[in-house]
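# Structural features, examined
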Amino acid sequence: MFTLSGKVAIVTGASRGIGRAVATLLAARGAHVLAAARGDHAAETAAAIQQTGGRAEAVSLDVTDSAAIEGMVASVLDRHGRVDVLVNNAGITRDQLLLRMKRDEWDQVIATNLTAAFVCAQAVIRPMIKQRSGRIISVSSVVGQTGNAGQANYAASKAGLIGFTKALAREVASRSVTVNVVAPGLIDTDMTRAITGKAQGDWAARIPLGRLGEPSDVAAAVCFLASDEAAYITGQVLAVNGGMYM
Ligand code: NAP
C-alpha cells in the first residue's frame, strides 16, 4: 500500500519541519524526491534521505521567483522525463493585527504561500495532463478554515489555496490528475515554536487529541494523497488537526 516507486516528487520548503518530513516519507515510499528550499538549505534533507538508501536531490529554489520555478521544473522534466507529485508546502507567517499590518507583510505572505503554489502548479500541469496522471497537494492550514486574529494575510493565503485547489481539481479531473489540500492544525515546528514554547499545555488543552501534531502526522496524509490508492479523491481538504476544527 502507498508505494511511490518510480514517481518523481517535488516538495517545496523541504529544509525543515513539515516539508522535510514529507520529503523523507515520500522517499521512504520509493519516490525520487526533489527537496527544494532557499540556498543550500535542503541539502541536509537530501543527504539524510540518501543515507538511508532513498533517492533525493536538493534544489535551490526561492518560491517567490517565478522564473526559478519554471527553470527547476524544466530541469526536472529534462532529467527525469516526468513529474508525478507536487507538494506546495513552503510557507511563512508575518503576523500582525490588520490595523497595523504593512502592505509588505501582506504581499510577502500572499507571494510565498499562495502565488507560488499557482506558479508551481502551472509549471507542472501540462506534463501531468500529458501523462494522464499527477498529484498536486498544497499545505493549507486550519487557520484558512477558521480565521485567526493577527493572521489576516496568512488566513487569506491558506483559504486561497483551498479555492485554488477546488477550481484546478475540476479543470484537470478528466485527465486523472488530482488536486487536494492538507490542512494541518498546530504542528510542532520552527513556525509554531515561538508561540507554543511557553504554553504547550494551554494549546494542547484546546486540541481534542490532547497534543500538538508532529510533522510526520502531516507527512502521512500527504503521502496517502500522493499514492495510487487516493486516485478517486480530488478537490478535498484533508484536515490533520487533532480535532481542533471539525
Ligand atoms: P517551517 O518549519 O517554518 O518551514 C518553512 C519551510 O518553508 C522551510 O523549508 C523554508 O525554507 C520554506 N520557505 C519559506 N519561504 C520560502 C521561499 N521563499 N522559498 C522557498 N522555501 C521557502 O514551517 P512548517 O511549520 O514546516 O510549515 C510548512 C507549511 O505548513 C507552511 O506552508 C505552513 O504555513 C503550513 N502549516 C504549518 C502549521 C504548523 O503548525 N507548523 C500549521 C498549518 C500549516 P528555507 O530553508 O528556505 O527558509
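Anything mentioned here points back to the structure above.
Only a predicted model underlies this, so the values are computations on that prediction, with no experimental measurement involved.

The rules behind the values
- Per chain, residues are indexed from 1 in the order of the written sequence.
- Per-residue local features are limited, in this predicted model, to residues with pLDDT of at least 70; the limit for side-chain atom pairs, both in listing and counting, is 80 or more; totals at the level of whole chains, interfaces and linings are taken over all residues.
- In computing side-chain values, all of the structure's heavy atoms are included and hydrogens and water are not.
- Burial status follows relative accessibility: with a 1.4 Å probe on protein chains alone, a residue under 20% of its type maximum counts as buried, one over 50% as exposed, and anything between as partly exposed.
- Helix numbers and strand numbers start at the N terminus; a helix is a DSSP run of H or I with at least 4 residues, a strand a run of E with at least 2.
- Here the arc refers to the set of directions running from the helix axis out to each C-beta atom.
- Contacts are residue-level and defined by heavy atoms, with any inter-residue pair within 4.5 Å sufficient.
- By definition, two strands form a pair when at least two bridges between them are found by DSSP.
- What counts as an axis is a line fitted to C-alpha atoms, over the stretch in contact for a helix, and the angles between N-to-C directions run from 0 to 180 degrees.
- Computed over the protein atoms alone on a 1 Å grid, cavities are sets of points where a 1.4 Å probe fits but cannot get out and pockets are open sets with protein on both sides within 12 Å along at least five of seven lines; a residue lines them when it has an atom within 4 Å of a point.
- Grid points are joined across faces, edges and corners, and a volume is the space filled by probe spheres set on the points.
- By convention a crossover is right-handed if, when the strands point away from the viewer, the path from the first strand over the helix to the second runs clockwise.
- One heavy atom suffices: a residue is near a molecule or strand as soon as one of its heavy atoms comes within 4 Å of it.
- Under the rule applied, a polar contact is a pair of N or O atoms within 3.5 Å (in protein, one hydrogen donor and one hydrogen acceptor; residues adjacent in sequence only if both atoms are side-chain atoms).
- A 1.4 Å probe and the Shrake-Rupley method give the accessible areas. Residues count as covered only by the protein chains that appear here.
- What decides whether a molecule sits in a cavity or pocket is whether more than half of its atoms lie within 2 Å of the grid points.
- All amino acids are sorted into three groups, where Ala, Val, Leu, Ile, Met, Phe, Trp, Tyr, Cys and Pro are nonpolar, Asp, Glu, Lys and Arg are charged, and the leftover types, Gly among them, are polar.

### Some remarks on helix α2 (residues 43–51)
Among all positions in α2, only Thr45, Ala46 and Ile49 are buried. All buried residues of α2 project into a common sector of 95° when viewed along the axis, lining one side. In α2, the exposed positions that point more than 90 degrees away from the buried face belong to Glu44 and Gln51. Summarising the contacts, the buried residues of α2 are in contact with α1 (17–28), β2 (32–37) and β3 (55–60). Gly53, located one to two residues past α2, shows a positive phi value of around 90°.

### Things to note about the sheet that holds strand β6 (residues 177–184)
Whether parallel or antiparallel, the strands of a sheet pair through hydrogen bonds between backbone atoms. Ordered by their spatial adjacency, seven strands build an open sheet running β3-β2-β1-β4-β5-β6-β7, and the pairing between neighbours is parallel. The strands lining the two open edges of the sheet, one partner per strand, are β3 and β7 (237–240). Neighbour-to-neighbour, the strand axes of the sheet open up by a mean angle of 20°, direction not taken into account. Packed onto the sheet, helix α6 (residues 152–172) meets β5 (134–139), β6 and β7 and runs at close to 160° relative to β6. Against the sheet, helix α9 (residues 215–226) contacts β4 (85–88), β5, β6 and β7, and its axis sits at roughly 170° relative to β6.

### Thoughts on the environment of Ala221
If you trace the backbone, Ala221 turns up in helix α9. With relative accessibility at 9%, the residue Ala221 sits in the buried group. Counting along the chain gives 18 residues from Ala221 to Ala239, while the straight-line C-alpha distance between them is 8.7 Å. Beyond its immediate sequence surroundings of up to four residues, Ala221 is in contact with Val182, Leu238 and Val240.

### Points about empty space enclosed by the protein
According to the stated counting rule, one finds one cavity of 30 Å³ or more in the structure shown. If you add up the space inside the largest cavity, you get close to 60 Å³. Lining the largest cavity are 13 residues, and of these Asn88, Ala90, Thr112, Asn113 and Ala117 lie nearest its centre. Where the lining of the largest cavity is concerned, the elements lending two or more residues are α4 (103–131) and α6. Of the residues forming the lining of the largest cavity, the biggest block, five residues, is contributed by α4.

### Details of the pairing of β2
Of all the six residues making up β2, six are buried; the element is thus mostly covered by neighbouring parts of the structure. The alternating pattern of β2 places His32, Leu34 and Ala36 on one face and Val33, Ala35 and Ala37 on the opposite face, and all of these are buried. For strand β1 (residues 8–12) and β2, the ladder comprises five bridges, and the chain directions are parallel. By the bridge assignment, Thr12 is partnered in β2 with Ala36. In this fold, β1 hands off to α1, which returns the chain to β2; that crossover is right-handed. Summarising the sheet, β2 and β3 pair through six bridges and their orientation is parallel. Pairing of His32 across the sheet is with Arg55, part of β3. The handedness of the β2 to β3 crossover, carried by α2, is right-handed.

### Overview of the site of the ligand
Taken together, 30 residues lie near the ligand, and Ser15, His41, Asn89, Tyr154 and Thr189 sit nearest. Tyr154 places a polar side-chain atom, nitrogen or oxygen, 2.5 Å from an oxygen atom of the ligand. Residue Lys158 places a side-chain N or O atom 2.8 Å away from an oxygen atom belonging to the ligand. In isolation the ligand has 880 Å² of accessible area, and contact with the protein removes 96% of it. At a threshold of 2 Å from the grid points, most atoms of the ligand map onto the largest pocket. Put simply, the parts of the chain that give the shell around the ligand at least two residues each are α1, α6 and α7 (190–196). Looking at which element gives the most residues to the shell around the ligand, the answer is α7, with three residues. Residue composition of the shell around the ligand, grouped by class: 13 nonpolar, 12 polar and five charged.

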